[in-house]
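As a plain string of letters, each chain reads:
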Amino acid sequence: MTRLTGRALRVTVFVGEHDTWRRKPLYSEIVHRAHTAGLAGASVFRGIEGFGASSLIHTSRLLSLSEDLPVAIVIVDTEERVRAFLPRLDALVTEGLVILDDCEVIRYVGREEGENSP
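Visitor: Even after reading the chapter, I still don't get the overall build of the chain, so can you show me in this structure?
Guide: A tally of helices and strands in the chain yields 2 helices and 8 strands. Mapped from its N terminus to its C terminus, the chain presents α and β elements in the order β-β-β-α-β-β-β-β-α-β. Counting the 118 residues in the chain, one finds 29% classified as buried. The contacts in the chain between residues at least 6 apart in sequence include a share of 75% that link residues at least 24 apart.

Encoded structure:
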């Protein structure tokens with residue numbers, strides 16, 4: 001398991017939930033590439049409403065014309081490892097927003113091998 005404490009870098013990628021990479025959801029491709037790269041972790045969050053550079057509002061409300069909801073992929077690791085991963089994101093994200101934030105990891109603990117879910 002990757003150990004991570006102290007100063008870190010958070011990359012957040014905002015895309016649409018219907019964005020794809022070779023017929024696979026883009027958010028899934030990003031998470032799998034982050035995993036393959038050995039990054040500490042990645043999570044995907046689905047938004048309920050938002051807009052971006054296109055200025056089109058995407059919403060989950062009933063009767064809405066658009067349901068291509070916003071998705072945020074959040075990845076946290078050391079600055080060195082995140083910056084090394086950025087070129088892989090550049091190849092994938094053709095529309096959307098990628099931001100970096102300094103952060104501090106206070107606690108990062110996973111399950112021990114063989115430990116069952118509650």
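Visitor: Before we go on, may I ask you to explain the pattern of salt bridges in this structure?
Guide: Side chains bearing opposite charge may pair, as long as their charged atoms lie close to each other. Scanning the model with the defined rule gives 6 salt bridges in all. For Arg10, the salt bridge identified is with Asp101, shortest N-O distance 3.5 Å. Pair noted here: Arg10 is in strand S1 (residues 6–16) and Asp101 is in strand S8 (residues 97–105), with a separation of 91 residues, a long-range link. Residue classification places Asp101 among the partly exposed positions, given a relative accessible area of 26%. Its salt-bridge partner being Glu17, residue Arg46 comes within 3.0 Å of it at the nearest N-O pair. Taken together, the positions of Arg46 in strand S4 (residues 41–46) and Glu17 in the loop between S1 and strand S2 (20–21) put the pair 29 residues apart, joining distant regions of the chain. What makes Arg46 exposed here is its relative accessible area of 57%.

Visitor: Help me out: how do you make sense of unusual backbone geometry in this one?
Guide: Most peptide bonds take the trans form, and the phi angle of most residues other than glycine is negative. A positive phi angle, close to 50°, is found at Arg22, a residue other than glycine. Mapping Arg22 onto the fold places it in the loop between S2 and strand S3 (24–25). One non-glycine residue, Arg23, adopts positive backbone phi at about 65°. Tracing the sequence through the fold places Arg23 in the loop between S2 and S3. Exposure remark for Arg23: the relative accessible area of 85% places this residue in the exposed category.

Visitor: Looking at this model, I keep getting lost on a nonpolar patch on the surface. Mind explaining?
Guide: A contiguous nonpolar patch, built from Phe14, Leu97 and Ile99 and spanning about 230 Å² of accessible area, is present on the exposed surface. Looking at where Ile99 falls in the secondary structure, it is placed in strand S8. Given a relative accessible area of 30%, Ile99 falls into the partly exposed group.

Visitor: What is the right way to read helix H1 (residues 26–36) from this model?
Guide: Within the sequence span of H1, burial applies to Leu26, Ser28, Glu29, Ile30 and Ala34. Of the residues one or two after H1, Gly38 is the one with positive phi, at around 80°.

Visitor: Help me out: how do you make sense of the confidence of the model for the chain in this one?
Guide: Predicted coordinates in regions of low pLDDT should not be interpreted in detail. Residues with a pLDDT of 70 or more make up 82% of the chain, whose mean pLDDT is 86. Within the chain, no element has a lower average pLDDT than strand S6 (residues 58–59), which sits at 66, and none a higher one than H1, at 97.

Visitor: How should the side chain of Glu29 be read in this particular structure?
Guide: Its location among the elements puts Glu29 in helix H1. Taking the relative accessible area as the measure of exposure, Glu29 reaches 13% and is therefore buried.

Visitor: How should helix H2 (residues 79–92) be read in this particular structure?
Guide: The α-helix advances 3.6 residues per turn, and as a result positions three or four apart in sequence lie on the same side. Its 14 residues place the ends of H2 20 Å apart at the C-alpha level, agreeing with the 20 Å of an ideal helix rising 1.5 Å per residue. Helix geometry: H2 is bent most strongly at Leu86, by close to 30°, with proline Pro87 lying one to four residues after it. Here the buried face of H2 lies against S1, S2, H1, strand S7 (70–77) and S8.

Thresholds, definitions, all that
- Residues numbered from 1 in each chain as written.
- Predicted model: local features only at pLDDT ≥ 70, side-chain atom pairs only at ≥ 80, totals over all residues.
- Heavy atoms only, no water.
- Helix = DSSP H or I, 4+ residues; strand = E, 2+ residues; numbered from the N terminus.
- Buried < 20%, exposed > 50% of the residue type's maximum accessible area, 1.4 Å probe, protein only.
- Contact = heavy atoms within 4.5 Å.
- Salt bridge = Lys/Arg side-chain N within 4 Å of Asp/Glu carboxyl O.
- Patch = residues over 30% accessible without salt bridge, like charges linked within 9 Å, V, L, I, M, F, W, Y side chains within 5 Å.
- Areas by Shrake-Rupley, 256 points an atom, 1.4 Å probe, with all protein chains shown as cover.
- pLDDT = per-residue confidence, 0-100.
- Expected span 1.5 Å × (residues − 1).
- Bend = angle between axes of the 7 residues up to and from the residue.

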